[in-house]
Every structure is written in structure tokens, then in C-alpha cells.
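Observations on the model geometry
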Amino acid sequence: MTSYAYMGKVLWVDLSGGRIRAEKVDPAIFRKLLSGMGLAAWYLYRRIPAGADPLGPENILGFVSGLLTGTGSLFTGRWMVVGKSPLTGTWGDANCGGNFAPAIKQCGYDAIFFTGVSHRPVYLYADGGKAEIRDASHLWGRDTIETEHWLIRHHKGKKRPRVACIGPAGEKLSLIAGISNDRGRLAARSGLGAVMGSKKLKAVVLAGSRRVKAARPGIMKQLSSKCNQDTRWQPPFVSSDMMARLGSLMRALPAQPMTDGLLYKIMLRKWGTVSMNQASIEMGDAPVRNWDGCNLDFPAELSGAIGADAITRPVKAKYFCYSCPLGCGGMMPSVIDPQREIHRPEYETTMALGPLLMNNDAASIFYLNDLLNRAGMDTISAGGAVAMAMECFQNGLLTKSQTDGLELTWGNRQAIVALVEKMIRREGVGDLFADGASKAAARIGSGAPEYAICAGGQSLGMHDSRFDPGFAIHYALEPSPGKHTVGSQLYYEMFGLWHALETLPFPGLVYFKGSKYKANKVKAVMAAACSCYMNVLNGAGACLFGAFLGIERLPVFKWLNAATGWQLENERYMDIGRRVQSLRQLFNVRQGIAPAKIRISRRALGDPPQRQGANKGRRVPLQALRRLYWKEMGWDPDTGIPTASTCKRLGIEP
Ligand code: SF4
């Protein structure tokens, strides 16, 4: 039987025994869970035993492609790495663009799963004909860019190989290590680079050339052509200094206009994610001085030095992920090795190494971005750890004698760089912070945990939940806590799902800002819709920024039907998203995690509220929102565990 959109096979690589086998996937699983996050949830829930050590042989590390990847759809080149997170102990996942996602399918697989632990450094080579474990001893210790270059040169053939690899951070089991592909793009969150390091798996090299079939290629083409037109429209009027003024205006208004993602697309296309740097600080979206400061502490006179134009100036060429018509990336010369090109820092990186540390020196951010990408270390978590160290230093919990002489004062760029370099090498005080803010705080003790701005042990993304309480829900309640890439009020508005699902509420063209801070059923419905939809996007391999265009411009449900030949209604796709979310939650429960015990930093909830600035006086009623959200998901409102009737309705075993 011809399979459309999916390859119908996964590869299992047992690194302890050196065995490789392909396993057929029942087509019903794709229909029930899609690929990507859903396929991963299917296997990890069943096959990682309760209580497994995330850095031990029982953990499974999966590299998963999306159902729409390679089908002729657009914005669908994202891959996921999945496993039990050593950072949070929960379900772990991270997502990345580039060209690695199609390479998994071109080798004939929807996913590649690694079990066991190798006794020596190895890499996997697969080209669709063969799959082999090869020696990587000579690559151990090399950074991600050197490793990728060596592997591409060594495997030069008809087909350019695609590489995902770890750097020194993953090798040294830093719990904030990620996995790199396409010259330093990082699947950064959840610490899965450490899982790869624990397995002594240096890299995955893929050089297949199989094709993915779509059931209705004509319809795929029509849908993609329309999406392409919507993406390309670009007015010429925007200038960078307008962004700070826009942010100040948004802050001053008592009411908020609903955000259409088309506006964000215009900025994204011009500057990439850094387009929002100054506006976000002004509005109160970007956290300042470890979430204790505010926009007044980092005004436009300071932020201009790390604004969109300043960060974009060195860019020589735009960067497009596979199948992306937008190209939000930018390539610039490496600060460390000017012969090589690297990626422009993203918004998250610039904020985590900028205002979070009171640093407005673009050169140091360029250097740190390059350094962290080469090391394979998450820039958000690294910034969160340095911010925590600085606040400890400010309050006397760390002295110069404990920081190897580093003067960890706010904005001290030399000290920031030195601490990050030490974290990467796990040297001296760097070893204390190499596993992220939460672990370091636990080791320092005293008042330090107050300064670790985390959920479930992972540093929060650079979107202030006091500005948009929707972020608090997802930071705290997602099966993979601390991530900013699932939902918020803003995301809900840009997804525009009410156009495709009539039961979902329209947020209103303009609404009073105060309404965002009220816990009610509408908020829970919107948050649950974001959770479910993100699982659909992550099952399809779709990019979040593409999804910000709105469901009418990024026709994910229609593409899924045309690619697979299914005729599922939009609601059924959201049921799939709910099923995947429930399986991930059940994964956590099986691993001994009580969802009600996952903690988010009080500061991120406005406890105590800020005394000045954009988020002055704001509090997030998370306790009430949590009950409402869990109920909306069909989970017990007290425990957060999916109920028996929900499991039955979704066809999953608790
Ligand atoms: S919008 Fe940016 S991150 Fe998304 S697919 Fe395009 S280039 Fe990649």
C-alpha cells in the first residue's frame, strides 16, 4: 500500500549492543498522533521505563521529522529531538529548523531513536541504503561547527550530508546543552544535548535521497502558492527606530489591539526575530535584570545598541530553512573564525545575554552567541544562569573569592564572557553554573533559589509572563516546562484559530489590558487551544513563525489532508493535539512527576508585583488559571492527571 506524507518506518539504534534495526509503523498511529511530537510520544511513553535515569542507557533519544516535511508544503522543515529531560526530569523536547528534518525522511524514516550507551564516541551514518555506527573518537572535543564541517567533507558524495551534533557542552554533560545542525542552529531546550553526550553519540549524519509522496500534489501546490503570495507581500516603510516608539506607544495605551501575525511577518522578514528587541523591552515583554528590573532600567538610549539594525548590520545574507519562503535567519561572519559564517543571534539570545544581564554591548552578544552555538549550549539557559549568578553576587551570596575573581556586576561584559567561557569548560565557578540556574541555586542554597527564574528547573524564555499571562500558563503547565514556544494571549491572536474552529472564541479587535489578568474559562479555552495546536504543528514539522501568519494563511489542516489523503475535519486535528498533550502528561506521571508540584518562579507571576515600569502592579492568577486549564484539557483540576474518561475518549491507555 502506498503511504503518503510519512515513510512508515522508524530506525532503532542500540548503542550498547551496536545493533541497528528498522521497525515498521502501523499507519493508524500517524492518523491518531501525526508524526513529530506525536510519534515520539507514542514510543517514549511506552518504551522509557518509569524512573529511568535521563543520562543512563534506558533513556531514548529521538530525532523526529514532521508529517508535512517534504510534501510540498511551506514552513515545514522543523525537526524535533525528544527524550526524558535531565534538566527537568520531565518529558523533554527541542525543535530546530535548517535542513535536517527532510534528511531524516530522505533516508526512509520518520524518526531515528537511540537507546543504550556506547563505550566510545560514535556517530551514526545513514543514507537510505545503509545505516552504520562509526567511530567518532577523533571528533570528541571538537566544537559543533568543526564537527559538522569535518563530517560533510568526509562524506562528500552525490548527496550533501546533513549533520546534527553536539559540542563540548553536550560531551561534558551540561544539563543545558543542545544539539546543533546547519552551522550552529540549536535544538536548545530541555538539556537533550547532555543525553546525546551521555550516550557518547557525537553526531548523526544523513545522506539519503528518497522522496516523500503527497496524496494530492495538485492541491498541495495550490495551497502552497497562496501561502507563498501571502508571505511575500512586504511594505517598504518600516525602520528600526520605529520599533522602540511602537513599544512605548503600546505600553501607554490602556487598551490593546488584537495582533495580526501579518504585521509580525513584515518585521520578521526584514530583521528576523530581533525585530522585536526594542519594542519588547519597552512594552514589558522582555525581562530586564533577571526579571527584577523593568523598561525604565533599560531605556531606548541603551537598547538602541542592541536594536534590530545594530544586530542586523553585520549580516551578509538571509537564511532560509528548508521549504521556507520567508527566511527570518541571517548569516554573518563568525567572530571567532571570520572565514566561516554563523547565524545572527535571535531575539531570545539577544535578550538573555542583553537586558537580562543589563548588557547592551552588541559585540559581546555576537561573540557569546558564536561561542555558545559552537559549544552547543542553550543561550536562554546560559543567560538565565549568569543572571542568577549576578543577583547572588549583588546580594552577597557569592563573593569574588567564590567566582574565581570575577566581578559579577550587572552589565560587566568582560565578566559575563569569562563566566560563560568557564561554564562551557566546566572550569572553576563555571562548573557551578554549567547545569543552569536552578541546579546552581540549589547548590548555593540560602536565598539563591529566589533568583533562579525557572519553571520545573528550566530557565524561562524571554517573554515576561507579567506582560502576557498566557506565557505563565505554558511555562508552568506544559509537560515540558519553561518553554516560550507553545502559547500565550499573543500567540492565540496570531494563530487565528477561530477562523477554522467555530467553537473557539474571538479575542476582540481591541480589549482592555486588565482583562488579560482575569482567570476565566475563555483564558483556559485559548490556552488549551494553543497547547493542542502546537502539538499539531510539531507533528507536522511546521514553524511557529509560519503559524503566526494565521490558520488562513498557513493552511496546516488543509495541507495535512491533501498530503495524507485523509479527510479529517479541523476539530479532529485538535483532538490529535489533545491526545499528544495527554500522552506527554501521562509520560510525566509515569516518571513520578506530580504536575501540581511543578513550580514556577514567584517573580515571573508578579509576586511581589513590580513597583514601576510597564508591568507595574501586575499579578498572574496562576493557581486559578491552572485549575481552569487542566479542566479544559480534560485533566483532573486538582492533580493535572488526564482523567479516565478523557483517556477513553482519546483512545489512550493511562
Ligand atoms: S520563518 Fe525562520 S525559523 Fe521559520 S522556517 Fe523560515 S527561516 Fe526557519
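Residues numbered from 1 in each chain as written. Predicted model: local features only at pLDDT ≥ 70, side-chain atom pairs only at ≥ 80, totals over all residues.

**Concerning the nonpolar core**
Operational definition: By definition, a nonpolar core groups buried Ala, Val, Leu, Ile, Met, Phe, Trp, Tyr and Cys residues that are joined through C-beta atoms within 7 Å. Counting other C-beta atoms within 10 Å of each residue's C-beta, where C-beta atoms are placed from the backbone, gives the exposure class: buried for 20 or more, exposed for 12 or fewer, partly exposed between. Helix numbering and strand numbering both begin at the N terminus, where a helix is a DSSP run of H or I of at least 4 residues and a strand a DSSP run of E of at least 2. Residue pairs are scored as contacts if the distance between their C-beta atoms, which are placed from the backbone, is within 7 Å.
In terms of nonpolar packing, the biggest core is built from 219 residues, with Ile 104, Ala 389 and Leu 419 touching the most fellow members. Among the elements that line this core, the one with the most residues is helix α21 (residues 521–540), at twelve residues. Excluding its chain neighbours within four sequence positions, the residues that come into contact with Leu 419 are Val 386, Ala 389, Leu 406, Leu 408, Val 429, Gly 430 and Phe 433.

**Points about the environment of Asp 127**
Turning to its location among the elements, Asp 127 is positioned in the loop between β7 (122–126) and β8 (131–135). The class of Asp 127 is buried, set by 22 C-beta atoms lying within 10 Å. Along the primary structure Asp 127 and Gly 208 are separated by 81 residues, whereas in three dimensions their C-alpha atoms are 4.0 Å apart. Look past the residues within four positions of Asp 127 in its chain and what remains in contact with it is Cys 107, Ala 207 and Gly 208.

**Overview of the domain arrangement of the chain**
To be explicit about the condition: Domain limits in this description derive from either an automatic procedure or a database domain assignment. Nonpolar residues are Ala, Val, Leu, Ile, Met, Phe, Trp, Tyr, Cys and Pro. Charged residues are Asp, Glu, Lys and Arg, and all others, Gly as well, are polar.
Each assigned domain of the chain is listed with its residue range as follows: domain 1 (9–206), domain 2 (220–254 + 263–459) and domain 3 (469–650). Centre-to-centre separation of domain 1 and domain 3, based on C-alpha positions: 27 Å. In this complex, domain 1 contributes 40 residues to the contact, which on the side of domain 3 involves 31 residues. Mapped onto the side of domain 1 that touches domain 3, the elements with two or more residues apiece are α1 (27–33), α2 (36–47), β4 (79–84) and β5 (91–96). The biggest single contributor to the side of domain 1 that touches domain 3 is α2, with six residues. Of the residues in the side of domain 1 that touches domain 3, the class split is 15 nonpolar, 19 polar and six charged.

**Here's the deal with the site of the ligand**
Put simply, the rule is: Nearness is defined per residue: the C-beta atom, placed using the backbone, must lie within 6 Å of the molecule or strand.
Gly 97, Cys 321, Cys 324, Cys 328 and Cys 543 are the nearest of the 13 residues found near the ligand. Grouping the constituent residues of the shell around the ligand by class yields eight nonpolar, five polar and no charged.

**Let's talk about the environment of Ala 164**
Topologically, Ala 164 is positioned in strand β9 (residues 162–165). Spatially, the C-alpha atom of Ala 164 lies 5.3 Å from that of Val 204, the residues being 40 residues apart in sequence. Residues contacting Ala 164, with those up to four places away along its chain left out, are Phe 63, Phe 100, Ile 179, Ser 180, Asn 181, Ala 203 and Val 204.

**Remarks on the sheet that holds β7**
For sheets, the rule is that strands pair by backbone hydrogen bonds, running either parallel or antiparallel. For clarity, the threshold we go by: Being paired, for any two strands, means DSSP has found at least two bridges between them. Helix axes are fitted only over the stretch in contact, all axes being lines through C-alpha atoms; the angle between N-to-C directions runs from 0 to 180 degrees.
Pairing is mixed across the open sheet formed by six strands, whose spatial order is β8-β7-β12-β9-β10-β11. Of all the strands in the sheet, the pair left with one neighbour each is β8 and β11 (185–187). In this sheet, neighbouring strand axes are inclined to one another by 25° on average, regardless of whether the strands run parallel or antiparallel. Strand direction decides the pairing type here: β9 and strand β12 (residues 201–206), joined by four bridges, are antiparallel. Each bridged residue has a counterpart across the sheet, and for Val 163 the counterpart in β12 is Val 205.

**What about the pairing of β9?**
Residues Arg 162 and Ala 164 line one face of β9 and the alternating positions Val 163 and Cys 165 line the opposite face, and both faces are buried. In terms of strand pairing, β9 meets strand β10 (residues 179–181) through two bridges, oriented antiparallel. The residue of β10 that forms the bridge with Ala 164 is Asn 181.

**Some remarks on the pairing of β8**
Alignment of β7 against β8, held across five bridges, turns out to be antiparallel. Residue pairing for β8: Tyr 125 is matched across the bridge by Glu 132. As consecutive antiparallel partners, β7 and β8 are separated by four residues, and within that stretch Gly 128 has a phi angle of approximately 95°, a positive value.

**Notes on the sheet that holds strand β14 (residues 317–319)**
If you walk across this open sheet you meet the three strands as β14-β15-β16, and the pairing is antiparallel. Each edge of the sheet is formed by a strand with only one pairing partner; in this case those strands are β14 and β16 (341–343). Between one strand and the next, the sheet's axes are offset by a mean angle of 40°, whatever the strand orientation. Relative to strand β15 (residues 329–333), β14 runs antiparallel, the two being bridged by three bridges. Looking at the pairing, Lys 318 lines up with Gly 330 of β15.

**Some points on helix α4 (residues 144–154)**
Residues separated by three or four positions in an α-helix point in the same direction, a consequence of the helix having 3.6 residues per turn. The following threshold applies: Starting at the helix axis, one direction is taken to each C-beta atom, and the arc is that of these directions.
Of all the positions in α4, only Thr 144, Ile 145, Thr 147, Glu 148 and Leu 151 are classed as buried. In an axial view of α4, the angular spread of the buried residues amounts to 160°, which keeps them on one side of the axis. Residues of α4 that are exposed and point more than 90 degrees away from the buried face comprise Arg 153 and His 154. In this fold, the buried residues of α4 make contact with β9, β10, β12 and α14 (362–375).

**Re the packing of α21 against helix α25 (residues 622–633)**
The line we're drawing: Put simply, angles under 35 degrees are roughly parallel, angles over 145 are roughly antiparallel, angles from 65 to 115 are roughly perpendicular, and the rest are oblique. With the far helix as reference, a near helix turned anticlockwise by less than a right angle produces a left-handed crossing, and one turned clockwise produces a right-handed crossing.
Two numbers describe how α21 lies on α25: the axes approach to 8 Å, and their chain directions differ by 55°. As far as their axial angle goes, α25 and α21 are oblique. When the axes of α21 and α25 are compared, the crossing they make is right-handed. Contacts between α21 and α25 pair Lys 521, Lys 523, Ala 524, Val 525, Ala 527 and Ala 528 from the former with Leu 625, Leu 628, Tyr 629, Lys 631, Glu 632 and Met 633 from the latter. Residue composition of the contact of α21 with α25, by class: eight nonpolar, no polar and four charged.

**Some points on the packing of helix α7 (residues 217–232) against helix α23 (residues 556–564)**
Running from N to C, α7 and α23 cross one another at 155°; their axes reach a closest spacing of 8 Å. Comparing their axes, α23 and α7 come out roughly antiparallel. Of the two possible hands of crossing, α7 and α23 adopt the one that is left-handed. Contacts between α7 and α23 involve Ile 219, Met 220 and Leu 223 from the former and Lys 558, Trp 559, Ala 562 and Ala 563 from the latter. Taken together, the residues of the contact of α7 with α23 sort by class into six nonpolar, no polar and one charged.

**Some details on the environment of Ser 180**
Mapped onto the fold, Ser 180 is located in strand β10. Overall, the presence of 33 C-beta atoms within 10 Å leaves Ser 180 in the buried class. As a C-alpha pair, Ser 180 and Ala 375 span 195 residues in sequence and 9.2 Å in three-dimensional space. In this structure Ser 180 touches Thr 144, Ala 164, Cys 165, Gly 167, Arg 185, Leu 186, Asn 373 and Gly 376, once residues within four positions along its chain are discounted.

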